[in-house]
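# Residue-level structural notes
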Amino acid sequence: MAEHLGGSRGREGSGTMTPMAYSRKEGMAMTARGSPGGAGSMGLRSGSGMMRPNSAPRERPSPQALKATLFSDARGRVEELRQMKEAQYWGRELPPKRDLPAYWSVSTHGQPFNDERLFNGATNVYQVINPSGRDKNIPKPVGPATEQQALLRKSLKENQLYLSKQDLSPLPHGSKPHPLGEPERVLVLSKLTPYQRIHALRLCLDRDIRAKDFIPWTQMVWDKLNARFWRRNRDMCIRLATQRLENYMKRHLQYLADQKCNAARAPASRTKDVLREAFWRVDPDRTGRVSLQQFLQVWQNVLCLLEYRDEMVASATGRSRVVLVPGRRILIDLPMCSAIFTQYGFDKDGLMPYVVFINAISASPARLLGQEVVISASAEGRHGLGNDVEVAYCVGNAKIVYPKCAKGVFPPSGFDPRVADRSMMPPNAHMWLEHAYGYAGMDTLATNVFYTKNTTETRDEVVYYVGCVGIVYCKQDMDKGLRSQRFFFGHTNDIKCLAIHPSRQYVVSGQQKATGPDEVPYACVWDVDNCNLLQRLDHDISERAVIACCFSGNINHPDPNKKGGDLLVTITADDRHTIHLWQWMKPADKYCKSVNIPGWFLGPHKKLEYIRAAAARTPSGTFYQNPHVHDEENPKVKDVLKHLSEEEVDSHYRALKDAPHPRHPIIEQVVGEDNMVNEDWEFGYCDNVPRAKKDGTWELLMEYPGCNGTPPMIYGVAWNPLKPQDGRRGSEFVTYGVKHLKTWIVDEEGVWRGTAGSFGTTHIENVLSACYVPALHYMAAPGDSCILTGFSSGQVGLWVPPYPTRANATYKLVRKFEAHGPGKPRTLNNGTQQCKGVRVIKLRADPNHKLPTGRRVLTGGSDGCVLQWELSQVDGTRKDGTPIRGVNMFCMAEDPEEKCGPGRYKLQEELTPYEVLNVPSVTALDCHHLRQREFVAGTDQCDIWEVDKDPRVLVEGHEETVEHVATHPRNPSIFVTGCRSGKVRVWNMDTRQVEREASVGFPVDGCAFANEDYPSKAKRNQKSLHVAFGSVGPYSLGERHKIAVLDVETLQPLKVIPEPVAQVQELVYSPANGPGILAAGCCDMTVYLFNAKHEYHLIAKCIGHSGNVEHIDWSYPISQPGSRLHGQMIIQSSDTSGNLLYWDTKTGKKIAYNQRDAPWSTWTTDIGFSVMGIWPDYSDRTDINATCRSKRGSATYIPPPDPKQATKADFAASVLPAKEEECADAVPECGYLVTGDDFSTVRLFNYPVVWDDAPYKAFRGHASHVMDVRFNCNDTRIVSVGGLDRAIFQWRTAGIALQDAEEDKKLLAAWQHAIKERGAQDSMLEAKPGVEWQQLDKDGKVWGPKAVKEQIDEELEKQASMRQFTRQATRPGSALSISPNRTSDRQASRLIRPNSAGLGPQLSPQHMPSKQLLKTMSTSQHTKSPVALRYGANAESPPPTPGAVRPVRQM
């Protein structure tokens, strides 16, 4: 990034020169707290827009202009100033003031030259990147004197002399430079200008940096800052040494002042007076300025700098105080003085005004912060830096004010501008959903768990959903430790319903309307093998949500070709509960529109074009490339940043592609043959799910109101499996819900007729479930059926129609069977309560595979039981002599206490001694024709059971809202969660199961792992790892909340802390080898500190927040010599009002000054300099719920060997920054940050996030606010919790963990290579030889192979022959019907459209090419035309299917 200060500056390593412009677009509202002596603002050069230095000569105004200025109306000037301030009139805005050293006055001291970026001084316009002596093709932008200075600097940096030894003139072009010896180095230094000589000495250019015996001046200040540290991170090394040297000087001055005061027995002298007298001794003429030699003389000869140690001495009053005890003599040299000069400023002659140094070194830290430039981002509504000028100010220590933080934030000392460059780009790292814990069983209205077609006698595979992710789960892979879940990411909001196709190969899921003016509720049809989207069916925006759905057909039919499934019924959540009947896919090949929907996208949307342009413009692509990739001084950094060759990437991709099953998940989704890869989607440029297109592949056949009332009034829909499946006369389905049951039957005219069922004389109840069963009365005709329903009372009702059943026939409730208990009541949408009753009824298949349906029924109730019923023939007559119709049923349970079948199954886990019995309610059931003794069940406790002789839980989840998660500090596989029901669970990310669970007896909110073992009386003072949970609930006077401390290994209660008086939202333990304190942030605006080493006694209360405490972070021992906080761990906390406060953990007192350089152990606060850019535009303070910084790039704390004997300085020196080559992108202190927000996404940023609205990668899956997100201890995984959706997502990272850096680098490169290769393959598909192409429609817009035309004509003939039976729309016949084995029997129709240029067919980007069709078209000729799918984006819709019945709208 270009950093401009008083002149133009090009990028490092480039030959371009960029002027520092200030325009309306790039301008910023900026203020500066008054520097003594006058204003220091810089003018604008007229015309060019360049910043004009104050030291440059100014133009004198003309006499007329001066007279007009002196005698103008004062009121006019006041009004103009008012307009400038209030209206922000662009033409009158003042230029921004450049950053100046503290207490520096431009009017008094002139222009400072302490910024090393001003290589040629503020009066020069251009910076010499490549002097003309090295290349003839580069013109000379400056004079010979400036060019000589540039070559002198270059000679010192590269240790080679680029000038002649005689007259120091530039070498001619092509001449090799001479090695720079010690005499030549001294000569070069003497020829530099004074201010450039100071910068050279500070950077150790007075010696050979590459020499083995190189000793930097920083090592003499602190032995840890040796040559190795210097080469690894020079800027940080200089910053730490300068800070340490300043602290030595401050302590020495304080000691001398105290000695004078003690000698006089009165406050006779201050530190300012001591230092001023010392400078006067070397400046007898009182010029007010000193050179490097004079400054060295002051500290070396006059003041005699010493090192001090702290010693506690008891005073006469009994109180202890800190006394400075002198130690060794500190010898300083010119490079040390140069560092001090650069810190406090000097002029062009290399002289420092010592009054500036005296005021700055004697001032308090808070006062020094007040001297810095203020960047007001709030004025423009920005959150972070917005241009290069602001980055330049941050390098010079500025203050940034942005809307979400109540107070300003400060960049760390020695801010690296590469951090801002990196924050401008999205992260190169990636993550993917590895496992989803939980199941949506709480709010479901109908069955939402089903077996898939891949279920066999030895393999169990079920499909369900949680949040807004459809999940296909395999039990056997789970038991083997393999990847056991596949995910469908086609939804953007809560999934409300799910149904399985009769072939068990396709799934339909309906969702609630997402937030946004263009969003609509829709249903997705997707396959279970690859989780690819086959069809999206959009509903009207006013219909709110799709709450029920069902395929036509008979799932239990033994003949695969007679299962049906061509039609789809959906019901929406509008006040009319509209019923839609769809022909969801017209082509025979269901995979003609198969599309892979990635679970992530790039953001923000406004920057996608910039990111795409950057990817096309730079060789590094979309992501950040460190300019130090060719850094020869640090070979480790060069090795980290080097790019993989194309051969290496291709070989790694081939190895991953040819790997045995299961392949890597992100490679598997790209190389799958049944979906088309769209590069825009796979690279994240499509930030939304593709909308449904009017491509003629679907048709809405019918649209009728179902029931009036506040939704949901309809709970579900069921298709009659014994009647026609294609919508012709006699087809039937039923809807049920609040106090009603309604059947829909097609009459002779092909019109659907809805008729409400009759409850007769019985009590009208809510119908919670329904299922068609065969009628088994005397003389029953084939296809005769009746309905079984479940009621809220726990009974099962039998509904019988008149036979034969025609349209407008009324089903009557003729009998009720006692089945289950009513269960616990639940509150409905209208405020009333009803019992949960019988939530699900399921008809089993015929075990002999002969009959269309079986003779056994499963019912699930709110008593936690599943009953199996036997259907039998009903005999007898009524009182009027008419025969009894319908069916009889009896329960197969012989013992009412039976728990494991065959007639009664009890879904109840073993209870712990502390646990209260909580009976689950069965909400979902499904059975498979190959599994006659087993079935799968879902409960309202968000668990999925596999029920057989030994029932077990397949999927376990939380039954209430879960808002926090904590990861184990040492074991990367363990994390813990708690929910509002009081249940806490310890999860294992490797086995993906619950290891332990317990009930703490109160609703749980915050949770935290201890970072080290602590003793406890409950375990006889044996040390163990603790985990703490905080209670949640309303704040009320007189009532207290609790914090429960448990043992991690056994979840044994160790301690209950009753001190908090309000909800405990945040719990954080101190780092390992720290003070052993538990910090608790509560909703009473207080942070409580408890001593974990002594039975959690209350140490202090941190009072000072103005809102509920949300986040707390601990620091490692901070380095502030001379301060009482030196070597101590502190905490920072943020609240709902936007305050970021710092606290002394020993006393609980607030630290008044900013802790910009504190080494934080974790970063979870959502405000601060490092996380400014996470806030999107137009967001409020509550939109970001959680943040977490990766361990990579953060400092490490290695405690002293003997902590009891160690001093404060030893603790502070034990904090080591991360090595540059170990940081992300080899930028010091850089890593990654994840956030959880109210937009249901988990976002990954480059950390620190300092750029306004920084680019990110957003990952979908959650359906509610993401309440918490955490890295594990080695950054290999991320865990997020979704609050109200009760989902826990486990994400796998790539490119974040340091231990997997090399493998992840190859993986990400291979993944991007696979996307490009697959996209190129799909865009260049060719028809097989011998295929004849011809016009397929009347208008000549659609062209394709002749074989497709013949198949279409054949279909039209078949449909015409069926019109004599019905006018109802039918599905294509058996010639194009889908076979259960799609890989062998699938045959597709493929039509193409001409492109806009008329150069032949063009591939439709939304559809997947059929490879089966291409294989069947092979003869001797070759035609170079890409094959596209069905109908293109510009093609007209196909003609309506003959016989279609009264469609509402044709698409």
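Here, the structure is the one placed above.
These remarks concern the structure in this document. (Residues numbered from 1 in each chain as written. Predicted model: local features only at pLDDT ≥ 70, side-chain atom pairs only at ≥ 80, totals over all residues. Heavy atoms only, no water.)

Quick look at the sheet that holds strand E56 (residues 1097-1103) now. Strand order in the open sheet made by the four strands is E53-E54-E55-E56, with antiparallel pairing throughout. Sheet topology places strand E53 (1064-1069) and E56 at the edges, where each strand pairs with a single neighbour. Pairs of neighbouring strands in the sheet enclose a mean axial angle of 20°, with direction left out of account. Two strands pair when backbone bridges link them, and strand E54 (residues 1077-1082) and strand E55 (residues 1086-1091) are joined in this way by five bridges, in the antiparallel orientation. Across the sheet, Ile1077 pairs through a bridge with Asn1091, a residue of E55. (Pairing = 2+ DSSP bridges. Helix = DSSP H or I, 4+ residues; strand = E, 2+ residues; numbered from the N terminus. Axes fitted to C-alpha atoms, helices over the stretch in contact; angles between N-to-C directions.)

Considering all chains together, one arrives at 41 aromatic pairs under this definition. Centre to centre, the rings of Phe295 and Phe357 are 5.2 Å apart; their planes meet at 80°, and the pair counts as edge-to-face. Here Phe295, found in helix H11 (residues 292-302), pairs with Phe357, found in helix H13 (residues 354-362); they are 62 residues apart in sequence, far enough to count as distant. The two residues Phe295 and Phe357 agree in class, both being buried. (Phe/Tyr/Trp six-rings, centres within 6.5 Å; stacked < 30°, edge-to-face > 60°. Buried < 20%, exposed > 50% of the residue type's maximum accessible area, 1.4 Å probe, protein only.)

Taking strand neighbours across the sheet as the criterion, the four strands line up as E30-E31-E32-E33 in an open arrangement whose pairing is antiparallel. In this open sheet, the two edge strands, each paired with only one partner strand, are strand E30 (767-774) and strand E33 (812-818). With direction set aside, neighbouring strand axes in the sheet form an average angle of 25°. The sheet contact formed by E30 and strand E31 (residues 785-791) spans seven bridges and is antiparallel. Each bridged residue has a counterpart across the sheet, and for Pro774 the counterpart in E31 is Ser785.

Before going further, it helps to spend a moment on the pattern of salt bridges. Counted under the stated rule, the structure contains 54 salt bridges. Note that Lys606 and Asp1253 form a salt bridge whose closest N and O atoms lie 3.2 Å from each other. Here Asp1253 lies in the loop between strand E65 (1242-1247) and strand E66 (1256-1259) and Lys606 lies in the loop between strand E24 (600-603) and helix H18 (608-617), a separation of 647 residues in the sequence. According to the relative accessible area criterion, Asp1253 is buried, its value standing at 4%. Its salt-bridge partner being Arg996, residue Glu995 comes within 3.4 Å of it at the nearest N-O pair. Through salt bridges that share partners, Glu956, Glu959, Lys983, Arg985 and Glu997 make up one connected network. (Salt bridge = Lys/Arg side-chain N within 4 Å of Asp/Glu carboxyl O.)

The angle between the axes and the distance between the axes are what describe a pair of packed helices. Put simply, helix H10 (residues 271-282) and H11 touch, their axes get as near as 9 Å, and they point 120° apart. The handedness of the crossing between H10 and H11 comes out as right-handed. For the pair H10 and H11, contact is made by Leu275, Ala278, Phe279, Arg281 and Val282 and by Gln294, Phe295, Gln297, Val298, Trp299 and Val302, respectively. The residue inventory of the contact of H10 with H11, partitioned by class, reads eight nonpolar, two polar and one charged. (Left-handed = near helix turned anticlockwise from the far one by under 90°. Contact = heavy atoms within 4.5 Å. Nonpolar A, V, L, I, M, F, W, Y, C, P; charged D, E, K, R; others polar.)

A few words on the pairing of strand E26 (residues 714-719). Taken across its six residues, E26 has six buried, putting it largely inside the fold. In this structure, E26 lies alongside strand E27 (residues 732-737), joined through five bridges in antiparallel fashion. Its bridge partner being in E27, Val717 is matched across the sheet by Thr735.

Before going further, it helps to examine unusual backbone geometry. Of note, the bond from Pro711 into Pro712 is cis; its omega dihedral lies within 30 degrees of zero at 0°. Locating Pro712 in the fold gives a position in the loop between strand E25 (699-705) and E26. Here the bond from Tyr803 into Pro804 is cis, since omega is -5°, no more than 30 degrees from zero. With respect to the helices and strands, the residue Pro804 is situated in the loop between strand E32 (795-800) and E33.

On their own, these measurements won't tell you what the molecule is for.
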